[in-house]
Amino acid sequence: MGTHPEVPLLDLQAQYETLRSEMEEAVRSVFESQRFILGDEVRALEQEIAAYCDAPHAIGCASGSDALLLALMALDVGPGDQVLLPTYTFFATAGSVARLGAEPVFVDIDPATYNVDPDSLARAASGCSRLAAVMPVHLYGQVCDLDALERFAGERGLPIIEDAAQAIGARDAEGRAAGSRPNIACFSFFPSKNLGGAGDGGMITCHDEALADKLAVLRVHGSKPKYHHQLVGINSRLDALQAAVLRVKLRHLERWHLARAENADRYEDLFRKAGAVDSRTPLADGGLPLRVPSRPAPPARHVFNQYVLRVPAQLRDPLREHLGGQGVGSEVYYPIPLHAQACFQTGQPSPALPVSEAAALETIAIPIYPELRAEQIEHVATCTVDFLERNA
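Rules behind the numbers
Residues numbered from 1 in each chain as written. Predicted model: local features only at pLDDT ≥ 70, side-chain atom pairs only at ≥ 80, totals over all residues. Heavy atoms only, no water. Buried < 20%, exposed > 50% of the residue type's maximum accessible area, 1.4 Å probe, protein only. Helix = DSSP H or I, 4+ residues; strand = E, 2+ residues; numbered from the N terminus. Pairing = 2+ DSSP bridges. Right-handed = clockwise from strand over helix to strand, strands pointing away. Axes fitted to C-alpha atoms, helices over the stretch in contact; angles between N-to-C directions. Phe/Tyr/Trp six-rings, centres within 6.5 Å; stacked < 30°, edge-to-face > 60°. Contact = heavy atoms within 4.5 Å.

Engineer: Would you explain the pairing of strand β3 (residues 103-107) in this entry?
Structural biologist: Side chains on a regular strand alternate between the two faces of the sheet. Across the five residues of β3, four count as buried, placing the element largely inside the fold. Sheet topology note: the strand β2 (residues 82-86)/β3 ladder contains five bridges and is parallel. Bridge assignment links Leu 85 to a residue of β3, and that residue is Phe 106. For the handedness criterion, the β-α-β arrangement of β2, helix α4 (residues 92-99) and β3 is classed as right-handed.

Engineer: Hey, could you run me through the sheet that holds strand β5 (residues 161-163) in this one?
Structural biologist: Sheets are built from strands paired through backbone hydrogen bonds, the pairs being either parallel or antiparallel. Taken together, the four strands give an open sheet; going across it, the order is β1-β7-β6-β5, and neighbouring strands pair in mixed fashion. Looking along the sheet, the strands with just one partner apiece sit at the ends: β1 (57-61) and β5. Within the sheet, the average angular offset between the axes of one strand and its neighbour, ignoring direction, is 20°. By the bridge criterion, five bridges tie β1 to strand β7 (residues 202-206) in an arrangement that is antiparallel.

Engineer: Mind showing me how you'd approach the packing of aromatic side chains here?
Structural biologist: The description of an aromatic ring pair rests on the distance of the ring centres and on the angle between the ring planes. Across all of its chains, the model carries eleven aromatic pairs by this definition. Connected via pairs of aromatic rings, a cluster forms that spans Tyr 88, Phe 90, Tyr 114, Tyr 140, Tyr 333 and Tyr 334.

Engineer: Looking at this structure, I do not really get the sheet that holds β3. What am I missing?
Structural biologist: Strand order in the open sheet made by the three strands is β3-β2-β4, with parallel pairing throughout. Each edge of the open sheet carries a strand with a single partner, namely β3 and β4 (131-134). Within the sheet, the average angular offset between the axes of one strand and its neighbour, ignoring direction, is 30°. On the sheet, helix α5 (residues 118-125) packs against β2, β3 and β4 and is oriented at approximately 135° with respect to β3.

This is the structure in structure tokens:
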């Protein structure tokens, strides 16, 4: 009997092997300079990210979480303010709001894209008295319906902070890159991202020069010039080592995006041949109990930071266990919506956000990294389909 291929959820070693000489040269250059905080490497990365995202300004910081926090601080969001954001996302989106004493107001998601539902946004806004901002999330690598969100925000005079942590290089329905619209956009360089560093790192893009200057001041304890503080900021400086690593990887990012899309095509072909359809069709409609990600029509682009399947809730965790037994990594993004997290319980009834609650029970992410081989993809698909056909 042959052995099955191991397929981790993410294989950064495979990526590193293709970049080893470039990475070592870049890191060695920083060590030889002995300039580790901000400096020329960070300035160069900021310019390159701004150009890549088609944004006038980019400001590096210590993490994607700090990018969100700094964006809120630059807009003077504080105690008593309210910020609209999806409940189905990583904790940092709401955590940054709560850290400033403001209130995260949770909204539901679209069941097909997992991005914020504009109708839920409007319903939540009707109960708010001190709205200060809207913070949509481009989840899994697909841009939100920004046209609808900008109409909503414009009618209410609200700024938009795009949580684009998972979406660098993604494009909206008009073909515009995440970060290119006249909003603040926040990116993460956590190692698992499509553009990941050798640790934490983040970036903020914006179109207003005064706002960019304020963000740059806030990330260095609010000082300008040094030791002169007009603002109370935080310590959120991007390391030169991280910038050097990211500059190497940025040169390969478009190639990796294409590889992820090709891997998604392979998965979709295999799953559709088995009877799966995409996430626009509810599981309740029957057929093979498997929904693949819906794909936006060009010129929009999904960059597949995650490749997320949907299966019935009672099969999701058993499927994960089965995949693990076959050497296949998987993850759940995210098992508990934010409105249900213990730290956000106020003693009042939680809002009814049923689409997010269902997604938390039914979604599973499978490997999608660029270095996947065809036989690995086939193994993942075969294991998934075999399990579902036996257990549906």
